[in-house]
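Read off the chains here:
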Amino acid sequence: MRVAVVGAGVIGLSSAVCIQSEVPGAEVTIIAELTDVHTTSDGAAGFFHPGHISADNAADARQWLKDSAEHFWKLCYTEDAVDYGIFEMSGYAFSNTNWDVVEKMGHETVPDGELGVKNYRRLTDSELSKFSGGPWRCGAFKTTLITEPRIMMVQLNKQFLANNGSFLRQKLDSLADLVGQFDVVVNCSGLGARTLVGDKSVYPIRGQVARLNAPWLKHFYHVEHDIYMLPNRDAVVVGGCRQENNWSTELCDADREHFLKKNAELFPSIKRAPIVREWVGLRPGRPTVRLELEEMQFPGDKVLPVIHNYGHGGNGITLSWGCGRHVARIVQQLEQNK
């Protein structure tokens, strides 16, 4: 079976590798104009964050999370973890509003480890009083994963090529261009789905972060309104913002000043940490994640099976492997029905 995966971010790469693993004999080609450091995935901190996820089927969303969590935790305890940029990280979440906010920030009270979260517990009033930036009404401690996409995507690329995958570097204007060349197409075009398949419900969610040289920070800190500090291997990712329908990819001084100030209120020592890199990216937002099979019709009574896999918003890293496995199961079913 000839399979084209459109898009080379973490969603596209994970889908491609999952198909190779679960559909033996599949010939998989990734088609993308932008790859590696030019994708939105490259700038993400890689925080495994099973917060609120909108999907047409809640059971599907939970399965995506479970599959991703199982895969990443298993990988975390292997010697290959260093190659994939995966490591265990504990930290804190705070809110001045209520407990519901803390839970929705990805600190759900689910069975330990089931959705990627371990050691979850609410902080006592006494513990909360010891943190700066408050007074805090609510807070929690948990252990989760960091999966650094800049490192992980390099390894996924290597894995894909080692499994005889191929890359086609080009801008795709229409899926009609792939009719007759491939048996199935997996659409992981993210924000590009607005034009590629005319899905106007997809919108940009602008994010901006700064990476600081602050090696003394050993825990993550996550506060409501998208304020966070997330240690990575070589820097601490400090953010951020979540600006819906903002198409700007330019650095904004006001945004930087805002999130650095808010984070410094919580952890004052970062005021002395130099900025080593900054990033702006447009996450692909959508009312719900779209993961479904569509038999697309083209002129000349031509039909092309297209599996859509986009609209993950800020949950791309967290959902990548689970959604990739779901895509692979659909491809498997199409192969069996041939």
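In this convention, every chain numbers its residues from 1, walking through the sequence in written order. For this predicted model, a pLDDT threshold of at least 70 governs which residues receive local features, and a threshold of 80 or more governs which side-chain atom pairs are given and counted, while totals over whole chains, interfaces and linings are taken from all residues. Calculation of side-chain values draws on the structure's entire complement of heavy atoms; hydrogens and water are dropped beforehand.

## Considering the overall build of the chain
- Helices and strands together make up the secondary structure of the chain, namely nine helices and 15 strands.
- For the radius of gyration, the atoms used are the C-alpha atoms, and the globule rule reads 2.2 Å times the number of residues raised to 0.38. On C-alpha atoms alone, the chain measures out to a radius of gyration of 20 Å, which is about the 20 Å that the 2.2 N^0.38 rule sets for 338 residues.
- Expressed along its principal axes, the backbone C-alpha trace of the chain runs to roughly 70 × 40 × 35 Å.
- With 338 residues in all, the chain has 56% of them scored as buried.
- Within the chain, contacts between residues separated by at least 24 positions form 76% of all contacts whose residues are at least 6 apart in sequence.
- Exposure was quantified through the Shrake-Rupley algorithm and a 1.4 Å probe, taking into account, for residues, occlusion by the shown protein chains and nothing else. On the chain, roughly 15,000 Å² of surface is accessible, and the fraction owed to carbon and sulfur atoms is 48%.
- Under this rule, positive means Lys or Arg and negative means Asp or Glu; His and the chain ends count for nothing. Here the site of a charge means NZ on Lys, CZ on Arg, CG on Asp, or CD on Glu. For the chain, the separation between the mean place of its 35 positive charges and that of its 40 negative charges on side chains is 5 Å. For helices the rule is a DSSP run of H or I covering at least 4 residues; for strands it is a run of E covering at least 2, with both sets numbered from the N terminus onward. Burial classes follow relative accessibility: with a 1.4 Å probe on protein chains only, a residue under 20% of its type's maximum area counts as buried, one over 50% as exposed, and anything between as partly exposed. Contacts are assigned to residue pairs that have any heavy atoms within 4.5 Å of one another.

## Examining the nonpolar core
- To define a nonpolar core, start from buried Ala, Val, Leu, Ile, Met, Phe, Trp, Tyr and Cys residues and group those joined through side-chain atoms within 4.5 Å. In terms of nonpolar packing, the biggest core is built from 50 residues, with Val3, Val5, Ile19 and Ile307 touching the most fellow members.
- Elements represented by at least two residues in this core include exactly strand S1 (2–6), helix H1 (10–22), strand S2 (27–32), helix H2 (58–76), helix H6 (149–162), strand S7 (184–187) and helix H9 (316–336).
- Tallying contributions element by element places H9 first for this core, with nine residues.
- The contacts of Ile307, once residues within four sequence positions are left out, are Val184, Val185, Val186, Asn187, Leu291, Glu292, Leu293, Val327, Ile330, Val331 and Leu334.
- One finds Phe94, Leu123, Ala214 and Met229 within the second-largest nonpolar core, a separate group that totals 21 residues.

## Some words on the packing of H1 against H9
- Taken N-terminus to C-terminus, the directions of H1 and H9 make an angle of 40°; their axes are 8 Å apart at the nearest point. Comparing the axis directions of H1 and H9 gives the class oblique. Pair H1 / H9 crosses with right-handed handedness. Contacts between H1 and H9 pair Val10, Ile11, Ser14, Ser15, Val17, Cys18, Ile19 and Glu22 from the former with Gly316, Ile317, Ser320, Trp321, Gly324, Arg325, Val327, Ala328, Arg329, Val331 and Gln332 from the latter.
- Considered class by class, the residues forming the contact of H1 with H9 number ten nonpolar, six polar and three charged. Simply put, an axis is a line fit to the C-alpha atoms, just over the touching stretch for a helix, and the angle between two N-to-C directions goes from 0 to 180 degrees. Relative orientations are named as follows: roughly parallel for angles under 35 degrees, roughly antiparallel for angles over 145 degrees, roughly perpendicular for angles from 65 to 115 degrees, and oblique for any other angle. Rotating anticlockwise by less than a right angle from the far helix to the near helix defines a left-handed crossing, while the corresponding clockwise rotation defines a right-handed one. Note on residue categories: nonpolar means Ala, Val, Leu, Ile, Met, Phe, Trp, Tyr, Cys or Pro, charged means Asp, Glu, Lys or Arg, and polar means any other residue, Gly included.

## Notes on the packing of aromatic side chains
- Note on ring pairs: Phe, Tyr and Trp rings are taken, using the six-membered ring of Trp, and paired if centres are within 6.5 Å. Classes follow the plane angle, with under 30 degrees stacked, over 60 edge-to-face and the rest tilted. Taken as a whole, this structure holds eleven aromatic pairs when the rule is applied.
- Geometrically, the ring pair formed by Tyr92 and Phe94 is stacked, given 6.2 Å between the ring centres and 15° between the ring planes. The pair formed by Tyr92 and Phe94 is uniform in burial state, with each residue classed as buried.
- Against the face of Trp99 rests Arg122, its NZ or CZ located 4.1 Å from the ring centre. A ring has a charge above it when a Lys NZ or an Arg CZ is no more than 6 Å from the ring centre and no more than 35 degrees off the ring normal.

## Some remarks on the environment of Glu292
- Position of Glu292 among the secondary structure elements: in strand S14 (residues 290–298).
- Given the relative accessible area of 35%, Glu292 is considered partly exposed.
- Between the C-alpha atoms of Glu292 and Phe167, which are 125 residues apart in sequence, the distance is 24 Å.
- Apart from the residues within four sequence positions on either side, Glu292 is in contact with Val306, Ile307 and His308.
- We define a polar contact as two N or O atoms separated by no more than 3.5 Å, with the added condition that, inside protein, one atom must be a possible hydrogen donor and the other a possible acceptor, whereas residues neighbouring each other in sequence contribute only through side-chain atom pairs. For Glu292, the side chain forms a polar contact with the side chain of Arg290, separated by 2.6 Å.

## Looking at the side chain of Ser189
- Structurally, Ser189 can be placed in the loop between S7 and helix H7 (193–196).
- For Ser189, the side chain forms a polar contact with the main-chain nitrogen of Ala193, separated by 3.3 Å.
- Excluding anything up to four places from it in sequence, Ser189 contacts Val6 and Leu196.

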